[in-house]
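Tertiary structure, described
Chain by chain, the residues run as shown.
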Amino acid sequence: MVVQNDPVDIVTIGGGMTASILAALILPSTSHTMVSLEQGAARWTYPDFAHNHDSLRFNNRYELMQDLNQVSWTWRPNENAPALPMRQYGSFNPGQGLGGSMVHWTALTWRFLPSDFAYRTHHIERYGADKIPDEMTVQDWPFSYLDLERHYDALEYDMGVSGQAGNLNGRILEGGNPFEGPRQRPYPNPPLAQSAFGNLFHEAVQGLGLHPFPTPSGILSQGYTDPFGNVRAGCLYCGFCTRYGCEVGAKTSPLTTWLPPALDTGRYEVRTRSHVIGIETDDDGRATGVRYVNADGNEFFQPAELVITSAYTLENIRNLLLSRSKAHPDGVGNDRGRVGRNYTYQLAQNPASGLWENERFNFYMGNGCTIPQVFDYNADNFDHSDVDFIGGARMYPSAGQREPISSAQNLLEGLTDRRWGAEWKQTLGSSWDSVGSIGIEGESPAYEGNFCDLDPRFTDAWGLPLLRITFDWRENERNMYRFLANRSEEMIKAMGADRTTVTRQLAPYRYDVYQSTHATGGCIMGTDPGNSVTNGYGQVWDTPNVFVTGAALFPQNPGANPSGTVGALAYRAAEAIRDRYFKAPGELLT
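Let us look at the structure shown here. (Residues numbered from 1 in each chain as written. Predicted model: local features only at pLDDT ≥ 70, side-chain atom pairs only at ≥ 80, totals over all residues. Heavy atoms only, no water.)

Considering the packing of aromatic side chains
- Taken as a whole and assessed by the stated rule, the structure comprises 41 aromatic pairs.
- For the ring pair Y145 and Y152, a centre distance of 6.0 Å and an interplane angle of 35 degrees mean the geometry is tilted. When sorted by exposure, Y145 lands in the same class as Y152, which is buried.
- Geometrically, the ring pair formed by F389 and F483 is tilted, given 5.4 Å between the ring centres and 55 degrees between the ring planes. Pair noted here: F389 is in the loop between β16 (372–373) and β17 (393–397) and F483 is in helix α12 (residues 475–494), with a separation of 94 residues, a long-range link. Comparing F389 with F483, the two get one shared label, buried. (Phe/Tyr/Trp six-rings, centres within 6.5 Å; stacked < 30°, edge-to-face > 60°. Buried < 20%, exposed > 50% of the residue type's maximum accessible area, 1.4 Å probe, protein only. Helix = DSSP H or I, 4+ residues; strand = E, 2+ residues; numbered from the N terminus.)

Remarks on the packing of helix α6 (residues 145–159) against helix α13 (residues 563–579)
- Axis separation between α6 and α13 bottoms out at 8 Å; the angle between their running directions is 110 degrees. Between α6 and α13, the crossing angle belongs to the class labelled roughly perpendicular. Residues L148, R150, H151, Y152, A154, L155 and D158 of α6 pack against G564, T565, G567, A568, L569, Y571, R572 and E575 of α13.
- Its residues placed into classes, the contact of α6 with α13 shows seven nonpolar, four polar and four charged. (Axes fitted to C-alpha atoms, helices over the stretch in contact; angles between N-to-C directions. Parallel < 35°, antiparallel > 145°, perpendicular 65-115°, else oblique. Contact = heavy atoms within 4.5 Å. Nonpolar A, V, L, I, M, F, W, Y, C, P; charged D, E, K, R; others polar.)

Structural notes on the sheet that holds strand β20 (residues 465–470)
- Spatially, four strands are ordered β5-β4-β20-β19 in an open sheet, and the strand pairing comes out mixed. With one partner strand each, in any of the chains shown, β5 (84–85) and β19 (451–459) form the two edges of the open sheet.
- Judged from the two bridges that link them, strand β4 (residues 73–76) and β5 form a sheet pairing that is antiparallel. When the bridges of β5 are listed, T74 appears paired with P85.
- Sitting on the sheet, helix α9 (residues 313–322) is in contact with β4, β19 and β20, with an inclination near 120 degrees to β20. (Pairing = 2+ DSSP bridges.)

Note that every value here comes from positions in space, so none of it alone points to a role or purpose.
What follows is the structure, given as structure tokens:
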């Protein structure tokens, strides 16, 4: 028997970053009620993350990640290949639990560049339409960088982002990112200290004429009281960030920032260990609420005026596709077959590595936020007239967080003639802290042949179809990678490595090897129902009382981590829902 709960104004699928932002921004100044259905367990900084430096438990056995025994995804490189499910964690690591993936993120907090928002128009105007490959389905966002700037600003101050501004109201500032769009205020906190290897990189690439700058970080560089009144401590540089909860709350997450003010209203509830199995709609196609199953296997229906799917990208796509009805036979948002289209990923690789004999860099401490970055080869920051690709990548040196279990297998790849035996073990023991790389995080353009749909063969623990991913790199990315590998080689040599190795060709995409959790697209925002699933607020065109949040809204993926823009989009949606949606429920926002 399905138990029907009392109705609420808003129900979200997922209790992570965007759900908590919506609750913190909508509820305090209104009388609305809101419930978030979170499939994982409850947890808080204390006591759950006290003394948690157990790398086997968190880094290697994925304590904070989604349970693949219940839900996974299948993958195939193209439509003609068979798809198989992910049985153990590989390409990406979606999280679960109160606060979602942001609890165990690395905390790089980027703003996308102005040209990222006008992607198609920008490239056609500068290089002509022929520069964009025929199969590539990239498009402009439905608004500009300047439209989103005030939401980036509010997000950064609520998070207490640490960084060095590079463009303050159009004035380029030395030491910051000279390619960033204009910002109205500096970062609220100074940048984190850079690592020893980061300092070596900074000096070397500056000598090459490039423009290194500190990583903007969602980790506090000093004590900070945010606008909500949360009092937080500065970073300890312990080196246990990615895949771990922060033991002192220096790393921003819903637990530190948005959940406290939302829960204080008394009108917000996060119902943990609750797995949503579908969005219900009436005969007119309007959403009426969601069905979910709790930890005891009991089924419930949560009625709501507004349904927001705020889960990880892949689950947001699947939530819409699974919600079939007479009014929406192919799923909510999919009346025109757009759900699953423009699925993109992120080109994250380490093309060049080096060994500095008899040097120690203390790679066990710090993380990806304690190193400098270079944007000279990202996006269209360099002239693409004479290269055979569009796009680029941010480039950076090896970060910290190096621990023995996961680093042993590949650390010396290309620097020794074998990866076994007594000699290799001796070299690994003496050199584990002397090896570093140049990393790239590159763009992933959208293509007609890269998409997601429901798998016809494999199902989850509740008998529902898994999401099937069809994805592989294209010639544009292979050409971009070769260019960036050459730039990486220049950097590693300028850093004075004693031995170097360079991987010059991009291998085919692999589902079984971790690269990035930055899966994006599939429920993209756009200017009309013919080119997108939602409008510029994440409101679903064919079911206006359903919203989507997160990176599933991106038309394509730029060369930077998505969380800063995911947060800014949630701020934009929260303002629209709070100030306008409930004045005319069910109508499309303009």
